[in-house]
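Residue strings, one per chain:
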Amino acid sequence: MLPHYKVFTRLCKSNIHGIGVFAIQDIPEGTPLFEFDNTEMVWVNANELESLSPKLKQLYDDFCVTKNNKTLFGCPVNFNQMTMAWYMNHSDDPNVESDDDYNFISKKNIKEGEELTINYNNFNEEVQGNSSYDKNL
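Residues numbered from 1 in each chain as written. Predicted model: local features only at pLDDT ≥ 70, side-chain atom pairs only at ≥ 80, totals over all residues. Heavy atoms only, no water.

A. Here's a closer look at the packing of aromatic side chains. For the structure on display, the rule yields 5 aromatic pairs. With a centroid separation of 6.1 Å and 85 degrees between ring planes, the pair formed by F34 and F104 is classed as edge-to-face. Here F34, found in the loop between β2 (19-23) and β3 (41-45), pairs with F104, found in strand β8 (residues 104-106); they are 70 residues apart in sequence, far enough to count as distant. Both residues of the pair, F34 and F104, count as buried. On the numbers, 5.6 Å between centres and 65 degrees between planes, the contact of F63 with Y87 is edge-to-face. One end of the pair, F63, is in helix α1 (residues 54-63); the other, Y87, is in the loop between β5 (72-76) and β6 (89-90), and 24 residues separate them in sequence. This pair shows no difference in class: F63 is buried, exactly as Y87 is. Here the aromatic residues Y60, F73 and F79 are joined through ring pairs into a cluster of three or more. (Phe/Tyr/Trp six-rings, centres within 6.5 Å; stacked < 30°, edge-to-face > 60°. Helix = DSSP H or I, 4+ residues; strand = E, 2+ residues; numbered from the N terminus. Buried < 20%, exposed > 50% of the residue type's maximum accessible area, 1.4 Å probe, protein only.)

B. View of the confidence of the model for the protein. Across the protein, pLDDT averages 86, with 89% of residues at or above 70. Counting contacts from residues 127-137, a segment whose pLDDT is below 50, to residues more than four positions away or on other chains yields 40 contacts. (pLDDT = per-residue confidence, 0-100. Contact = heavy atoms within 4.5 Å.)

C. Local environment of the pairing of strand β1 (residues 9-13). Pairing between β1 and β2: 5 bridges, direction antiparallel. Of the residues in β2, the one forming a bridge with K13 is I19. Hairpin geometry of β1 and β2 is characterised by an intervening segment of 5 residues between the two adjacent antiparallel strands and by a positive phi of about 55 degrees at G18. (Pairing = 2+ DSSP bridges.)

D. Structural detail: unusual backbone geometry. Not every positive phi belongs to a glycine, and F34 is a case in point at roughly 55 degrees. One non-glycine residue with positive phi stands out, namely K70, at about 60 degrees. Along the chain, the position of K70 falls in the loop between β4 (65-67) and β5. Judged by its relative accessible area of 32%, K70 falls in the partly exposed class.

E. Fine view of the side chain of H90. For H90, the position within the fold is in strand β6. H90 gets classed as buried once you look at its relative accessible area, which sits at 6%. At 3.0 Å, the side chain of H90 forms a polar contact with the side chain of D92. Here Y120 takes part through its backbone nitrogen, which lies 3.0 Å from a polar atom of the side chain of H90. (Polar contact = N/O pair within 3.5 Å; in protein donor to acceptor, adjacent residues only side chain to side chain.)

F. Inspection of the sheet that holds β4 at higher detail. Across the sheet, 3 strands lie side by side as β3-β5-β4; this open sheet has antiparallel pairing. Every interior strand has two partners, whereas the edge strands, β3 and β4, have only one. On average, each strand axis in the sheet is tilted by 30 degrees relative to the strand beside it, whichever way the strands run. As paired strands, β3 and β5 are joined by 5 bridges and run antiparallel to one another. What sits directly across from N45, in β5, is L72. (Axes fitted to C-alpha atoms, helices over the stretch in contact; angles between N-to-C directions.)

Below, the structure is given as C-alpha cells:
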C-alpha cells in the first residue's frame, strides 16, 4: 500500500483563516476522512498551562478542543504530531461532521479544491451559539 492510499486532502492557505484542509480529489458524501489517523488525544487541565509562555499557551487556544469553560483542553499527544484533521476551519454550514470519537466523515459531496470545514460548536462548549468562531481546530 502506497502512502497516498485513502488520502483525500492536503494543507493549503485558507481564505477562512490561516491554513486549511482542501480536497485533492472529489470526495463523495459519507466518506470516512483521515482514516489512518490513529493519533490519540489527551486532556490537559488548564491549571497545568498557567506557567507557560504566551506563545505556548496560544497553541492550546488555537488547536485544542475545550470543555468545562476552558478548564480542559483536548490536544494531540504532542503538537509536533498534529495531523490534517487539526487544521480544519470552522463553518456554520460545514461539509464535514464527526462522531463522539472525533472520526470525521464528509457530510456532503466535496469537490476537488474545496476547503473542508467543521462546525466548532459541536466540539467546544463555550462557543455554542457563537457563529463568529473562526479559529483552527
